[in-house]
Amino acid sequence: MNKRQKKIITIFSLVAVLCFSLFLILYALRDNVIFFYSPSEVKIKVSNDEITNGSLIRLGGLVLENSFQRGEGKNVSFIITDLKSEINISYSGILPDLFREGQGVIAEGNIEIIKLKNKNNVLKKQLKFYASNVLAKHDENYMPPEVSEALGLEY
Amino acid sequence: MKNQFVNPGFLVNYIKPLTPWSGGISIILLLVGLWFSLYQSPIDYQQGNAVRIMYIHVPSAWMSMGIYSFIALSSFFGLIYGHITAFTLAKAAAPIGATFTAICLISGSAWGKPMWGTWWVWDARLTSVLILFFFYIGYIVFSKSFNDFSKGEKFSSILAIIGLVNLPIIKFSVDYWSTLHQPASISKFGAPSIHIDMLIPLLIMFLAFIFIFIHLLMIRFQLELNNRRLNIKNMKSYGDIK
């Protein structure tokens, strides 16, 4: 083996070891690398006690159609859904321009877990989310308004 | 013939007459691209006029990743074959790539404020692009922090190759993890989810950015070569080498 081949092997093994270690790091941190949880994930984590009362989390999903309600002043409430489960959000502040029903949004804030006992004495957890910040996601589709109208998309 | 192009002096003789042409082409392409993207292209059905930031943001993001691959590849060949041309090309490209990354980050931030409602979030895509910017800065600083240029070239080349593992993370961050940043519109399987009237200005801008890169690279290559000659001269005069 000459010097050049040795160099090539050294570089490739360096990159391979790096990739492997990076993969392990990102795999271990996979829960922290994601930016937000979906409502289903939050519900699973609440039932596993991974999310406790008052935890600061980010919750992402679609704004449920016909769920947006305006209260007094800047207070609004709406429901975030991932089409499997839903969580009620209350928020006081300015909403981004892209915020509308059916749009993907991310709410940042504290979750309140209310423990209720029903008639059969079974513990039930009810979730309420107090958002301190709401961000709008936009999707990867770009088109002029005429085209979206022709496709029958709501705008 | 093949080995002649590796000789930096020979390469300079070739690229010197090409620089005015590449400069002219990049100016024309940039003007056409900007006219198309800022004036001629339609507004977006959701984002309105804010979509026009895309024509700067997306090509500079592509450039930032492409130039980094170029630097890493040149560094790799430099390390293996020891060619001055490869090292010098990599060094010449680094500040251009860093600038494109900065443009990408700043324009993305300006786009994020009206659309998402925030200048910056620490999601996987944004953070990994910021890390790419730091790799560029690290490479530039590292390559210039040794008295002996050849030492700096060696260490910074290793850094460039290490940073290469960041590129697939940037590319796939929007698919593997849930991020605020939306997934890819064009470089994906299936048809691009962008209307043709918006795709054409985007591609013209990308072509313009490529020509700007080539133009600046050819100028900076000569500059870095002269820097290198100066370094050797200085080292001789200080008695570091004979």
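Residues numbered from 1 in each chain as written. Chains lettered and ligands numbered in written order. Predicted model: local features only at pLDDT ≥ 70, side-chain atom pairs only at ≥ 80, totals over all residues. Heavy atoms only, no water.

1. A look at helix 4 (residues 84–115) of chain B
The α-helix advances 3.6 residues per turn, and as a result positions three or four apart in sequence lie on the same side.
Residue and element names in this part refer to chain B.
Line of reasoning, step 1. For helix 4, spanning 32 residues, the distance from its first C-alpha to its last is 46 Å, which sits close to the expected 46 Å at 1.5 Å a residue.
Line of reasoning, step 2. Along helix 4, the sharpest change in direction is near 30° and occurs at Ala94; proline Pro95 comes one to four residues later.
Line of reasoning, step 3. Directly beyond the C-terminal end of helix 4, a positive phi value near 100° is found at Gly117. (Helix = DSSP H or I, 4+ residues; strand = E, 2+ residues; numbered from the N terminus. Expected span 1.5 Å × (residues − 1). Bend = angle between axes of the 7 residues up to and from the residue.)

2. Re the nonpolar core
Line of reasoning, step 1. Of all hydrophobic cores here, the largest spans 50 residues; its most connected members are B:Met54, B:Ile67, B:Ile71 and B:Phe213.
Line of reasoning, step 2. At the level of elements, strand 6 (123–136) of chain A together with helix 3 (54–81), helix 4, helix 5 (124–144), helix 7 (166–176) and helix 8 (196–237) of chain B are the ones that each hand at least two residues to this core.
Line of reasoning, step 3. No other element matches the 11 residues that helix 4 of chain B contributes to this core.
Line of reasoning, step 4. Not counting chain neighbours up to four residues away, the residues in contact with B:Met54 comprise A:Tyr142, B:Pro59, B:Trp111, B:Ile194 and B:Leu202.
Line of reasoning, step 5. A:Ile80, A:Ile111, A:Phe129 and B:Trp177 belong to the second largest nonpolar core, which has 28 residues in total. (Core = buried A, V, L, I, M, F, W, Y, C linked by side-chain atoms within 4.5 Å. Buried < 20%, exposed > 50% of the residue type's maximum accessible area, 1.4 Å probe, protein only. Contact = heavy atoms within 4.5 Å.)

3. Here's the deal with the side chain of B:Gln47
Line of reasoning, step 1. You can see B:Gln47 is positioned in the loop between helix 2 (19–40) and helix 3.
Line of reasoning, step 2. Overall, the relative accessible area of 6% leaves B:Gln47 in the buried class.
Line of reasoning, step 3. For B:Gln47, the side chain forms a polar contact with the side chain of B:Trp111, separated by 3.0 Å.
Line of reasoning, step 4. In this structure, B:Gln47 is in contact with A:His138, A:Tyr142, B:Trp111 and B:Met115, ignoring residues within four places of it in sequence. (Polar contact = N/O pair within 3.5 Å; in protein donor to acceptor, adjacent residues only side chain to side chain.)

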